[in-house]
Amino acid sequence: MNMPNMNPESLMKDFTPYQAKADEEYMNEAQREHFINILRNWKQNLMEEVDRTVHHLQEEAVNYADPNDRASQEEEFSLELRTRDRERKLVKKINKTIEKIEEDDYGFCDHCGIEIGIRRLEARPTATLCIDCKTLAEIKEKQVGR
């Protein structure tokens with residue numbers, strides 16, 4: 001049985017986009033609660049994936065006599081474990097983001113200080129940069145990588 005190799009973002013289950021009211025203050029209590037719920041649900045889904053991986057590895061662990069079968073199984077397990085490691089790091093990032101919300105320090109660009117924006121945060125709740133600063137950072141990263 002091959003487990004699906006899910007992209008962490010695909011584990012963010014459907015949610016209702018936040019509908020801001022006219023003249024509503026940015027990152028008010030309702031908005032912060034909206035993002036805490038998104039992040040907690042995302043974290044819960046990631047933790048469920050971890051549990052499924054553990055069960056899968058336990059159930060599928062067979063000591064194949066054929067070296068090719070053994071190698072295929074080890075490669076499959078290795079890919080799953082790498083995916084779970086990335087997700088473990090994502091859970092840390094989610095926890096850090098929840099802390100920022102609770103400290104009322106969420107939704108503003110770490111570099112320039114402007115609002116990141118509700119829609120960007122819904123797309124990437126752990127974002128710490130506005131789209132302009134993120135774009136510039138990526139351009140600089142590409143230039144350094146040459």
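Nothing here was measured: the structure is a model prediction, and the numbers come from that model.

Focus: the overall build of the protein chain
- Each helix and strand counted, the protein chain has four helices and zero strands in total.
- Scored against the burial criterion, the 146 residues of the protein chain give a buried share of 32%.
- Across the protein chain, contacts joining residues at least 24 apart in sequence account for 61% of those joining residues at least 6 apart.
- Total accessible area computed for the protein chain in this model is approximately 9900 Å², and 50% of it derives from carbon and sulfur atoms.

Let's talk about the packing of aromatic side chains
- In this structure the tally under the stated criterion is two aromatic pairs.
- Judged by centre distance (5.2 Å) and plane angle (85°), the ring pair of tyrosine 26 and phenylalanine 108 falls under edge-to-face. Of the two residues, tyrosine 26 is situated in the segment before helix 1 (29-60) and phenylalanine 108 in the loop between helix 2 (67-102) and helix 3 (118-123); the sequence distance between them amounts to 82 residues.
- Its relative accessible area of 13% is what places tyrosine 26 among the buried residues.

Examining the packing of helix 1 against helix 2
- One can describe the packing of helix 1 onto helix 2 by two numbers: an axis separation of 10 Å at closest approach and a directional angle of 160°. Relative to helix 2, the element helix 1 lies roughly antiparallel. Judged by the twist between their axes, the crossing of helix 1 over helix 2 is left-handed.
- Here the contact of helix 1 with helix 2 is built from residues that sort into 15 nonpolar, five polar and ten charged.

A few points about the nonpolar core
- Membership of the largest hydrophobic core comes to 22 residues, with the highest contact counts inside it found for Met27, Phe35, Ile94 and Leu121.
- Those elements that provide at least two residues to this core are helix 1, helix 2 and helix 3.
- Here this core takes six residues from helix 1, the largest share from any one element.
- With residues up to four places along the chain from it excluded, the contact list for isoleucine 94 reads Leu39, Trp42, Lys43, Leu46 and Thr126.

Conventions used here
Residues numbered from 1 in each chain as written. Predicted model: local features only at pLDDT ≥ 70, side-chain atom pairs only at ≥ 80, totals over all residues. Heavy atoms only, no water. Helix = DSSP H or I, 4+ residues; strand = E, 2+ residues; numbered from the N terminus. Buried < 20%, exposed > 50% of the residue type's maximum accessible area, 1.4 Å probe, protein only. Contact = heavy atoms within 4.5 Å. Areas by Shrake-Rupley, 256 points an atom, 1.4 Å probe, with all protein chains shown as cover. Phe/Tyr/Trp six-rings, centres within 6.5 Å; stacked < 30°, edge-to-face > 60°. Axes fitted to C-alpha atoms, helices over the stretch in contact; angles between N-to-C directions. Parallel < 35°, antiparallel > 145°, perpendicular 65-115°, else oblique. Left-handed = near helix turned anticlockwise from the far one by under 90°. Nonpolar A, V, L, I, M, F, W, Y, C, P; charged D, E, K, R; others polar. Core = buried A, V, L, I, M, F, W, Y, C linked by side-chain atoms within 4.5 Å.

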